[in-house]
Amino acid sequence: MQDPPSSVPAVGAKQGGENPAPIIERRARRERWAWAEASIWTDRMLAALEEGVKGGCWFSLIDKVCSPKNLWASWAKVARNKGSAGVDGVTIEQFQKDAEANLRHLSQRLRDGTYRPKPIRRTQIPKADGTRRPLGIPTVQDRIVQGAVRHAIEPIFERHFAQHSYGFRPGRGCKDALRRVDALLKDGYRYVVDADLKSYFDTIPHDLLMRQVRLRVADGRVLRLIESFLDANIMEGTDQWTPMAGSPQGAVLSPLLSNIYLDPLDHLMADQPGLEMVRYADDFVILCRTQQQAQDALEQVRRWTARAGLTLHPDKTRLIDAATESFEFLGYRFDKGRRYARDKSKQKLRASIRALTPRTSGVSLQATIACLNPILRGWFGYFKHARLGTLREVDGYVRTRLRSILRKRCKRKGRARGADHQRWPNAYFAELGLFSLDRAQRAACASP
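Description of the structure in this document. (Residues numbered from 1 in each chain as written. Predicted model: local features only at pLDDT ≥ 70, side-chain atom pairs only at ≥ 80, totals over all residues. Heavy atoms only, no water.)

1. Looking at helix H6 (residues 99-112)
Here's step 1: The end-to-end C-alpha separation of H6 is 20 Å, in line with the 20 Å expected for 14 residues at 1.5 Å each.
Here's step 2: Within H6 the residues assigned to the buried category are Ala 99, Leu 103, Leu 106, Ser 107, Arg 109 and Leu 110. The arc enclosing the buried residues of H6, seen along the axis, measures out at 165°, which places them on a common side. Of the residues in H6, the exposed ones pointing more than 90 degrees away from the buried face are Glu 100 and Arg 104. (Helix = DSSP H or I, 4+ residues; strand = E, 2+ residues; numbered from the N terminus. Expected span 1.5 Å × (residues − 1). Buried < 20%, exposed > 50% of the residue type's maximum accessible area, 1.4 Å probe, protein only. Arc of directions from axis to C-beta.)

2. Quick word on the sheet that holds strand E10 (residues 332-335)
Here's step 1: Spatially, E9-E10-E11 is the arrangement adopted by the 3 strands of the open sheet, whose pairing is antiparallel. Edge positions in the sheet fall to strand E9 (326-329) and strand E11 (338-341), since each has one partner strand and no second. Direction aside, the axes of adjacent strands within the sheet are offset by 30° on average.
Here's step 2: As paired strands, E10 and E11 are joined by 4 bridges and run antiparallel to one another. Bridging across to E11, Asp 335 finds its partner in Arg 338. (Pairing = 2+ DSSP bridges. Axes fitted to C-alpha atoms, helices over the stretch in contact; angles between N-to-C directions.)

3. Structural notes on the layout of surface pockets
Here's step 1: Approximately 670 Å³ is the volume found for the second largest pocket.
Here's step 2: Lys 77, Val 78, Asn 81, Arg 150 and Val 252 are, among the 25 residues lining the second largest pocket, the residues nearest its centre.
Here's step 3: Looking at the lining of the second largest pocket, the elements that each hand over two or more residues are helix H4 (68-81), strand E2 (132-137) and helix H7 (140-158).
Here's step 4: In terms of residue class, the lining of the second largest pocket is built from 10 nonpolar, 8 polar and 7 charged. (1 Å grid on protein atoms, 1.4 Å probe; cavity = no way out; pocket = protein on both sides within 12 Å on 5 of 7 lines; lining within 4 Å. Points joined across faces, edges and corners; volume = space filled by probe spheres on them. Nonpolar A, V, L, I, M, F, W, Y, C, P; charged D, E, K, R; others polar.)

4. Remarks on the sheet that holds strand E6 (residues 275-280)
Here's step 1: Spatially, E6-E7-E3-E8 is the arrangement adopted by the 4 strands of the open sheet, whose pairing is antiparallel. Strands with a single pairing partner mark the edges of an open sheet, and in this sheet they are E6 and strand E8 (318-321). Shown here is a sheet whose adjacent strand axes are inclined to one another by a mean of 20°, direction ignored.
Here's step 2: Relative to E8, strand E3 (residues 191-196) is paired through 4 bridges, and the arrangement is antiparallel. Bridging across to E8, Val 192 finds its partner in Ile 320.
Here's step 3: Seen against the sheet, helix H12 (residues 254-270) touches E6 and strand E7 (283-288) and runs at an angle of roughly 165° to E6. (Contact = heavy atoms within 4.5 Å.)

5. Some remarks on the environment of Thr 390
Here's step 1: Looking at the element boundaries, Thr 390 is found in helix H16 (residues 388-409).
Here's step 2: On the basis of relative accessible area, Thr 390 is assigned to the buried category, the value being 6%.
Here's step 3: In the structure, Thr 390 is positioned 194 residues away from Asp 196 in sequence and 26 Å away in space, judged by C-alpha atoms.

6. Comments concerning the side chain of Ser 247
Here's step 1: Summarising the element assignment, Ser 247 is placed in the loop between strand E5 (239-241) and H12.
Here's step 2: Of the polar contacts made by the side chain of Ser 247, one reaches the side chain of Ser 254; its length is 2.7 Å.
Here's step 3: Ignoring any residue separated from it by four or fewer positions in sequence, one finds Ser 247 in contact with Phe 201, Leu 230, Ser 254 and Leu 257. (Polar contact = N/O pair within 3.5 Å; in protein donor to acceptor, adjacent residues only side chain to side chain.)

Function cannot be read off these values alone, since they describe shape.
So, in structure tokens, the structure goes:
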């Protein structure tokens with residue numbers, strides 16, 4: 001099949017007697033799959049994807065994985081995302097110095113079957129509640145290969161994923177999931193199953209996960225590649241071990257694999273009348289019109305997770321009436337039809353602000369504000385639908401931190417108070433360019 005021309009003729013137009021309909025259809029298909037890696041997913045491959053392949057299973061994918069164009073595309077994403085070095089100590093900058101030769105060698109090792117992933121370096125990331133979340137850091141070359149595998153198999157699974165799954169999917173995100181929850185609550189879905197999978201990424205059974213992958217991928221070499229990533233040793237300090245379950249958070253393939261494993265649960269819930277599931281990765285809620293429907297849904301989830309080798313968190317999984325109780329989802333707290341930023345989200349923001357605004361700071365106020373503004377703009381971008389009081393509270397906290405710095409420079413003790421608000425009014429910080437969440441929200445509400 002020839003590549004589409006640079007311009008699409010008008011419907012009904014003729015060019016050398018050629019029917020324009022196939023060209024228009026091909027263009028439309030390419031637009032639907034614009035995110036798919038073009039060096040793999042050609043027009044012919046996309047047509048097969050939408051029309052279906054024999055048995056619903058794909059063979060001969062390894063040549064797509066190790067193609068130079070695919071590896072270059074994957075490397076470009078790895079370089080753009082930056083990140084730390086893995087156990088081999090090779091940084092993005094070091095790999096980039098001889099990227100062409102490195103990728104050529106990587107392609108050859110994939111072709112001749114000598115490629116083996118290196119152990120994954122594990123580090124612990126502090127969470128707002130004082131606990132820590134394990135983060136896996138593969139080597140740069142392993143991140144490239146995982147990305148190349150993802151390019152090859154993601155469209156195959158994406159075509160079958162449920163509509164209510166929003167996490168780590170092309171063209172979808174947290175805001176879409178939040179809008180869906182908001183719409184369902186307003187439509188009368190008042191009973192909510194607020195579910196939490198305990199240590200999900202660390203407990204996915206490898207054998208059951210690979211069984212799900214094999215339903216749509218039959219290329220043995222690609223399957224062995226995926227298994228080798230799952231079985232790669234974990235290194236934390238001087239300790240090293242082979243994981244018996246789980247898919248490390250931080251690995252390029254993990255988000256896709258996590259969606260693949262929960263896909264049967266998605267479709268199980270989608271087939272139940274009277275309920276609506278909204279899922280983002282391992283975080284999901286099920287909204288129902290009646291309490292009985294919610295109880296039945298929770299029982300089905302319990303049975304499915306038990307069969308799947310997963311565990312519902314006993315303290316964080318509950319059934320609530322959204323008309324009288326609140327629940328949290330993706331950083332927001334839903335309370336009686338209103339949205340608030342949850343306490344943990346505010347605490348995390350305050351910690352970031354405190355780190356940039358110590359009273360003894362020797363940095364100029366303009367430089368401090370320049371560091372604060374990207375954080376405040378990002379927080380506003382996500383939480384602009386929270387109640388207005390929340391954003392005013394953040395603004396007040398930021399200005400108090402800045403006034404305390406100025407107070408210290410005037411040889412006064414303690415945090416800002418009283419006359420400091422007249423000495424350095426809100427307008428003073430606005431003139432210095434401090435981003436105001438309150439003002440930004442009012443402007444957004446006033447715009448047509």
